[in-house]
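Analysis of the macromolecular model
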Amino acid sequence: LGLLAWDPLLLLQPSFQLSFTAVAGIALVARRGLIAREGGTPVRGWLINLAATTAAAVLITAPVVAHHFHQVSLAGLLCNMIVIPLCSFVLLPLSLAGALAGLASEPLGGLLLFRAGGAADLLLQFCGEVSSQDLAAFDLSLDSLEAVSFCLAAAALLWGGAARRALATAALLILA
């Protein structure tokens, strides 16, 4: 609300819409209890959470992506399973360590940042390879009402009970 008070036109920007829609999808998944809380190994729980949050973000942002970019990526589901750990456990720590080490020793900081750059190159190569595949994305152009309907239908999948019926009914009415 603060961002919109500062600049109401942000609401029309794809980056604003995608950021807040993705967070809403993840919140819906968390609220429904689809994110693993305990049981099994920590790595298994982390992987389940990563897959659930990625699927929720991709699913709920698909209409916004289709509306603005006229295509929807299927590669995002696979990419995020590799990219998020690479960024979280390699790229970000190396970058932060390099920046901090550079304050004390420029050569050490430079070496760490060089390694971070290598991880970033690996990330770009992987994403480029996945996105170059035939089924990485498909063309889909949605007008605003279809996009809203798709969002409601996606939310209905993540919710239950009366809320699910209401969202699904609203989605069908909009399409009709």
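For clarity, every value in this text was computed on a predicted model and none was experimentally measured. (Residues numbered from 1 in each chain as written. Predicted model: local features only at pLDDT ≥ 70, side-chain atom pairs only at ≥ 80, totals over all residues. Heavy atoms only, no water.)

1. Remarks on the confidence of the model for the protein
In this model, the protein carries a mean pLDDT of 81, and residues with pLDDT of at least 70 account for 82%. Looking at the elements of the protein, mean pLDDT is at its lowest for helix α6 (residues 144–158), recorded as 68, and at its highest for helix α5 (residues 106–131), recorded as 93. (pLDDT = per-residue confidence, 0-100. Helix = DSSP H or I, 4+ residues; strand = E, 2+ residues; numbered from the N terminus.)

2. What about helix α3 (residues 42–69)?
Along its length, α3 shows its largest kink, about 45 degrees, at A62, and proline P63 lies within four residues downstream of that point. In the stretch just after α3, H70 is the one whose phi turns positive, near 60 degrees. (Bend = angle between axes of the 7 residues up to and from the residue.)

3. Topic: the layout of surface pockets
Quantified by volume, the largest pocket comes out at close to 360 Å³. Lining the largest pocket are 17 residues, with A57, V58, T61, V65 and N80 positioned closest to its centre. For the lining of the largest pocket, the elements supplying multiple residues, two or more each, are α2 (14–31), α3, β1 (71–73) and α4 (75–104). In terms of residues, the lining of the largest pocket owes the most to one element, α3, which gives 9 residues. (1 Å grid on protein atoms, 1.4 Å probe; cavity = no way out; pocket = protein on both sides within 12 Å on 5 of 7 lines; lining within 4 Å. Points joined across faces, edges and corners; volume = space filled by probe spheres on them.)

4. Considering the packing of α4 against α5
Across the interface, α4 lies against α5 with an axial gap of 7 Å and an inter-helix angle of 170 degrees. Taken together, the axes of α4 and α5 lie roughly antiparallel to each other. By crossing handedness, the relation of α4 to α5 is classed as left-handed. (Axes fitted to C-alpha atoms, helices over the stretch in contact; angles between N-to-C directions. Parallel < 35°, antiparallel > 145°, perpendicular 65-115°, else oblique. Left-handed = near helix turned anticlockwise from the far one by under 90°.)

5. Side note on the nonpolar core
Most often, soluble globular proteins have nonpolar side chains that are buried together. The biggest cluster of nonpolar side chains holds 7 residues, and these are A75, C79, V83, L86, L123, V130 and A136. Put simply, the parts of the chain that give this core at least two residues each are α4 and α5. The element contributing the most residues to this core is α4, with 4 residues. The contacts of V130, once residues within four sequence positions are left out, are A75, L78, C79 and A136. (Core = buried A, V, L, I, M, F, W, Y, C linked by side-chain atoms within 4.5 Å. Buried < 20%, exposed > 50% of the residue type's maximum accessible area, 1.4 Å probe, protein only. Contact = heavy atoms within 4.5 Å.)

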